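Structural features, examined
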Amino acid sequence: MTFKIVEKYEMVPTIHLMKINAPDVAKAAKPGQFIILRIDETGERIPLTIADYDAKDGYVTIIFQEMGKTTKQLASLTAADKIQDFVGPLGKPSEIENLGTVVLVGGGVGVAPIYPQAKAYHKKGNEVISVIGARSSNLLILEDEMRDVSDELYITTDDGTKGHHGFVTDVVKQLLESEKDIARVVAIGPPVMMRAVAGVTKPFDVETIVSLNPIMIDGTGMCGGCRVSVGGKTMFACVDGPEFDARFVDFDLLMSRLGLYRSEEAEAIDKYERGCGGNCKCR
Ligand code: NAD
Ligand code: FES
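Residues numbered from 1 in each chain as written. Chains lettered and ligands numbered in written order. Predicted model: local features only at pLDDT ≥ 70, side-chain atom pairs only at ≥ 80, totals over all residues. Heavy atoms only, no water.

Regarding the pattern of salt bridges
In total, this model carries 14 salt bridges according to the counting rule given. Lysine 180 is paired through a salt bridge with glutamate 152; the nearest N and O atoms lie 3.3 Å apart. Here lysine 180 is found in the loop between α5 (168–177) and β12 (182–188), whereas its partner glutamate 152 is found in strand β10 (residues 152–157), with 28 residues between them in sequence. When the shortest N-O distance is used, the salt bridge between arginine 247 and aspartate 205 registers 3.7 Å. (Salt bridge = Lys/Arg side-chain N within 4 Å of Asp/Glu carboxyl O. Helix = DSSP H or I, 4+ residues; strand = E, 2+ residues; numbered from the N terminus.)

Below you can see the structure in the form of structure tokens.
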């Protein structure tokens, strides 16, 4: 069985949106869950958080950034191409209750997985305050979509080309210091950002949820590749998460494990960009 790409475009430089025909996944998907895909029989498996899904039309939307060999290869595919494996939905869905006021924070490509959550919190009747950030305005994604499901939307850019000049954490801190009674903060983005958000919310004792993105292999709790430490306990992000209470996450361990295969990744990109399948002795 293969999975057809029904739509694909580059949203902003290096960040791509892809709609994949996967009716069973689309029917079962919930906010917070992810899929693992493999482009072809020899490809590596990569996890991607579900950005949207349409059970009626049977497709799942993924948004990814060109980073390693596999995401570069994925970016080269176009509508009508097929993907070998598309497994999901995996992981525990987000717990979306009516809490009052919820702040949703998305950084960079992390705005993609925060979007279905914002939509679901909004549908549940929460006051949704969203904070989305990017390095520069030309890298900001899903601004209109986030505005549609937010009562308030704040934008930040590291270089000041749009919205607040600075990090998402600056706005989160201002919101926490305001009169607002914030029940929960959900933050998704690079680990350094999630760790910073956890640091900002800590003195205010506000529940803070983050979605972790360790290296994953099988996605079913069998291989141990996605091991993370939460509250001193070993957890597997693929089955126990991917969402965890940020107060207890060991972000240093997460970041060091994410860097484990950096030299192999660089070598794979190098060979891919030179058009080498990886089996020759050209190095
Ligand atoms: P980026 O480096 O452009 O950062 C995005 C935003 O995060 C910045 O604009 C800033 O507001 C905030 N930020 C960054 N560093 C910060 C700091 N030190 N303190 C406070 N705020 C900070 O992000 P990117 O290039 O889109 O990130 C890509 C990374 O995100 C990849 O490593 C990818 O794997 C990861 N990611 C994680 C998830 C997830 O589920 N956790 C989802 C998508 C992407
Ligand atoms: Fe193998 Fe989670 S990816 S245990």
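Some thoughts on the side chain of serine 229
Summarising the element assignment, serine 229 is placed in strand β14 (residues 227–230). Beyond its immediate chain neighbours, meaning those up to four positions away, serine 229 contacts Phe248, Val249, Asp250 and Leu253. (Contact = heavy atoms within 4.5 Å.)

Quick notes on the sheet that holds strand β13 (residues 207–211)
Taken together, the 7 strands give an open sheet; going across it, the order is β11-β10-β9-β8-β12-β13-β16, and neighbouring strands pair in mixed fashion. In this open sheet, the two edge strands, each paired with only one partner strand, are β11 (164–165) and β16 (243–245). Relative to β11, β10 is paired through 2 bridges, and the arrangement is parallel. Across the sheet, threonine 157 pairs through a bridge with histidine 165, a residue of β11. (Pairing = 2+ DSSP bridges.)

Quick notes on unusual backbone geometry
Note the cis peptide between glycine 88 and proline 89, where omega equals -5 degrees. Summarising the element assignment, proline 89 is placed in strand β7 (residues 85–90). Residue glycine 241 is joined to proline 242 through a cis peptide bond whose omega torsion reads 15 degrees. Topologically, proline 242 is positioned in the loop between α7 (237–240) and β16. Although it is not a glycine, alanine 80 adopts a positive phi angle of roughly 90 degrees. Inspection of the secondary structure assignment puts alanine 80 in the loop between α2 (69–75) and β6 (82–83). Positive phi is not limited to glycine here, since leucine 142 has a value of about 60 degrees. Inspection of the secondary structure assignment puts leucine 142 in the loop between β9 (127–134) and α4 (143–148).

A word on α5
Three or more residues of α5 are buried, namely Val168, Thr169, Val171, Val172, Leu175 and Leu176. Across the axial projection of α5, the buried residues extend over an arc of 160 degrees, all falling on one side. If you follow the buried residues of α5, they end up packed against β8 (101–107), β9, β10, β11, β12 and α6 (191–201). (Buried < 20%, exposed > 50% of the residue type's maximum accessible area, 1.4 Å probe, protein only. Arc of directions from axis to C-beta.)

Here's the deal with the pairing of strand β3 (residues 34–38)
β3 sits mainly inside the fold: 5 of its 5 residues count as buried. The two faces of β3 match: Phe34, Ile36 and Arg38 on one face and Ile35 and Leu37 on the other face are all buried. Two strands pair when backbone bridges link them, and β3 and strand β4 (residues 46–54) are joined in this way by 4 bridges, in the antiparallel orientation. Within β4, the residue paired with phenylalanine 34 across the bridge is threonine 49. Of the pairings in the sheet, the one linking β3 to β7 comprises 4 bridges and is antiparallel in character. Looking at the pairing, arginine 38 lines up with aspartate 85 of β7.

Here's the deal with the sheet that holds strand β5 (residues 59–65)
With respect to topology, 7 strands assemble into an open sheet ordered β6-β1-β2-β5-β4-β3-β7, the strand pairing being antiparallel. Across the chains shown, the open sheet's two edge strands, defined by having one partner strand only, are β6 and β7. Across the sheet, helix α3 (residues 111–123) touches β4 and β5, and the angle it forms with β4 is around 35 degrees. (Axes fitted to C-alpha atoms, helices over the stretch in contact; angles between N-to-C directions.)

Quick notes on the side chain of serine 211
Examined against the element boundaries, serine 211 turns out to sit in strand β13. Apart from residues lying up to four places away in sequence, serine 211 is in contact with Ala187, Ile188, Met194, Pro242 and Glu243.

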